[in-house]
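# Commentary on secondary and tertiary structure
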Amino acid sequence: MSNKSVLKGAMMCLMASVAWGAMFPVAESAFSYVDPTYFSVLRYSIVSVLMLVLLGVKEGKKSLRLDGRGKALWFYGTMAFTVYSLLMFWGQNMLGTSGVILASVLEAQMPIISVMLFWMFNRRKPRPLTIWCMIAAFIGCLMIITKGDVSAFMLDGSGIFPVLLMFAGVVGWVLYTNGGQAFSDWSVLRYSALSCALGTATLIAAAAFMTAFGFSSAPSIEDVASIGYELGFMVLIAGVVALICWNSGIKLLTPINGILFINFVPVTTFIITALQGHRITFHDAAGTLLIIAALVANNIYQRWLAARPASGIPMEGQSAG
């Protein structure tokens, strides 16, 4: 991989992470006018149309075909643009300002969650250092969730449900990111556009269901007009640009290198919330630093393991020579 490709991939992953870090504070202000369900519907409906048009213009009408892979695209798209979007924003909205910080922190947990899922589904136990990094990241997350008072948090119980919703949402995005490897023969734009369109179809159906049973309500034209700036940012920057940049950056750098940039999500959120006047607690800062340290340590360890065969050092289970 050339230095130019590395720099390009790094810049793309960085841009996506910063955009997603700003996404949560921006969404919080929009929820005063439009509920999270319809905010997600508005956002991804526009993103889908823009990306499909871009795909058709850039790669031709043939690229809009599913080529017999519609079920997989629908599944991964639903995980990202329905499960992740709805559950993450529902949980954030329930918790208020603390939910903004927690959402960004949980997003940074994606590498650790990926390891957990791989352990569950492939029954391959991570190496001891990775497990310790997972424990450290969990402790950091617990510090942010409970603010240092675990007993009060558990007895109250009101914060547990939104945290579980947000965690499930992050799992959905992890599945989507890993699913992109099955479409390595497609362009990043094609996978992003078609999965987004199919996932948004599920999102619209879910919104219609929830509206019919009184769990959500459609916004008025005035409400939508009130969030014009927020919606514009979420569609263009945190939607189209971030999605394409992230998938392109991961493809250039490989997941083990690109995923490290997810650390910039909580850092960006912290800076924005602090500028908005929200108080960052000691537990927020310490917990986030612990998570970032755990992710960086595990990333360095994985790089070292990957380099062992090339350096002649035997992998676990191999013998030297």
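All of these numbers come straight from a predicted model, not from anything done at the bench.

All right, on to a nonpolar patch on the surface then. A surface patch of nonpolar side chains, amounting to about 470 Å² of accessible area, comprises M15, I46, L50, L236, I237 and V241. Counting residues per element, the ones that place at least two in the nonpolar patch are α2 (36–59) and α11 (228–253). Examining the composition of the nonpolar patch, we find that 3 residues originate from one element, α11, more than from any other. Among the structural elements, M15 can be located in helix α1 (residues 3–30).

To continue, consider the side chain of S216. One can find S216 in the loop between α9 (188–212) and α10 (221–226). A polar side-chain atom of S216 sits 2.7 Å from a polar atom in the side chain of D35. Setting aside residues up to four positions removed in sequence, S216 forms contacts with D35, T37, Y38, M210 and T211.

Over its 13 residues, helix α5 (residues 110–122) extends 18 Å from the first C-alpha to the last, a length consistent with the 18 Å expected when each residue adds 1.5 Å. When we look at burial in α5, the residues that qualify are M110, P111, I112, I113, V115 and L117. Once α5 finishes, R123 follows within two positions and takes phi at roughly 55 degrees, a positive value.

Now for the packing of helix α3 (residues 70–95) against helix α4 (residues 97–108). Their axes nearest at 6 Å, the elements α3 and α4 cross at an angle of 145 degrees. Considering the relative orientation of α3 and α4, their crossing is right-handed. In contact with Y84, M88, Q92 and L95 of α3, α4 contributes T97, S98, G99, V100, L102, A103 and E107. Across the contact of α3 with α4, the residue classes tally to 6 nonpolar, 4 polar and 1 charged.

Time to look at the packing of α5 against helix α8 (residues 160–179). Direction vectors running N to C along α5 and α8 enclose 75 degrees, while the axes themselves pass 10 Å from each other. As far as their axial angle goes, α8 and α5 are roughly perpendicular. Counting all contacts with α5, which are made through M110, I113, S114 and L117, the residues of α8 involved are F167, V170, V171, W173, V174, L175 and N178. Each residue belonging to the contact of α5 with α8 can be placed in one class, and the counts come to 9 nonpolar, 2 polar and no charged.

What follows is about the packing of aromatic side chains. Enumeration over the complete set of coordinates arrives at 16 aromatic pairs. Between W173 and Y176, the ring centres sit 5.1 Å apart and the planes meet at 50 degrees, which makes this aromatic pair tilted. Of the two residues, W173 and Y176 are both situated in helix α8; the distance of 3 residues between them amounts to about one turn of the helix. The pair formed by W173 and Y176 is uniform in burial state, with each residue classed as buried. Taken together, the ring pairs in this structure connect W20, Y44, F81, Y84, W173, Y176, F183, W186, Y191 and W246 into an aromatic cluster. The lysine or arginine in question, R190, covers the ring of W186, its NZ or CZ lying 3.8 Å from the ring centre.

Attention shifts here to the nonpolar core. Formed by 83 residues in total, the largest nonpolar core has its most connected members in W20, F24, F39, W173 and W246. Apart from the residues lying within four places of it in its own chain, the contact partners of F24 are Y84, M88, F89, Q92, V100, A103, S104, E107, V265 and T269.

A rise of 1.5 Å per residue sets the reference length of α3, with its 26 residues, at 38 Å; its end C-alpha atoms lie 36 Å apart and thus fit the reference within 8%. Helix geometry: α3 is bent most strongly at T78, by close to 35 degrees. Phi turns positive one or two residues past the end of α3, at G96, with a value near 75 degrees.

Turning to unusual backbone geometry, a few remarks are in order. For D67, which is not glycine, the phi torsion reads 55 degrees and is therefore positive. By secondary structure assignment, the location of D67 is in the loop between α2 and α3.

The rules behind these values
Residues numbered from 1 in each chain as written. Predicted model: local features only at pLDDT ≥ 70, side-chain atom pairs only at ≥ 80, totals over all residues. Heavy atoms only, no water. Patch = residues over 30% accessible without salt bridge, like charges linked within 9 Å, V, L, I, M, F, W, Y side chains within 5 Å. Areas by Shrake-Rupley, 256 points an atom, 1.4 Å probe, with all protein chains shown as cover. Salt bridge = Lys/Arg side-chain N within 4 Å of Asp/Glu carboxyl O. Helix = DSSP H or I, 4+ residues; strand = E, 2+ residues; numbered from the N terminus. Polar contact = N/O pair within 3.5 Å; in protein donor to acceptor, adjacent residues only side chain to side chain. Contact = heavy atoms within 4.5 Å. Expected span 1.5 Å × (residues − 1). Buried < 20%, exposed > 50% of the residue type's maximum accessible area, 1.4 Å probe, protein only. Axes fitted to C-alpha atoms, helices over the stretch in contact; angles between N-to-C directions. Left-handed = near helix turned anticlockwise from the far one by under 90°. Nonpolar A, V, L, I, M, F, W, Y, C, P; charged D, E, K, R; others polar. Parallel < 35°, antiparallel > 145°, perpendicular 65-115°, else oblique. Phe/Tyr/Trp six-rings, centres within 6.5 Å; stacked < 30°, edge-to-face > 60°. Lys NZ or Arg CZ within 6 Å of the ring centre and 35° of its normal. Core = buried A, V, L, I, M, F, W, Y, C linked by side-chain atoms within 4.5 Å. Bend = angle between axes of the 7 residues up to and from the residue.

Geometric values such as these leave the question of function open.
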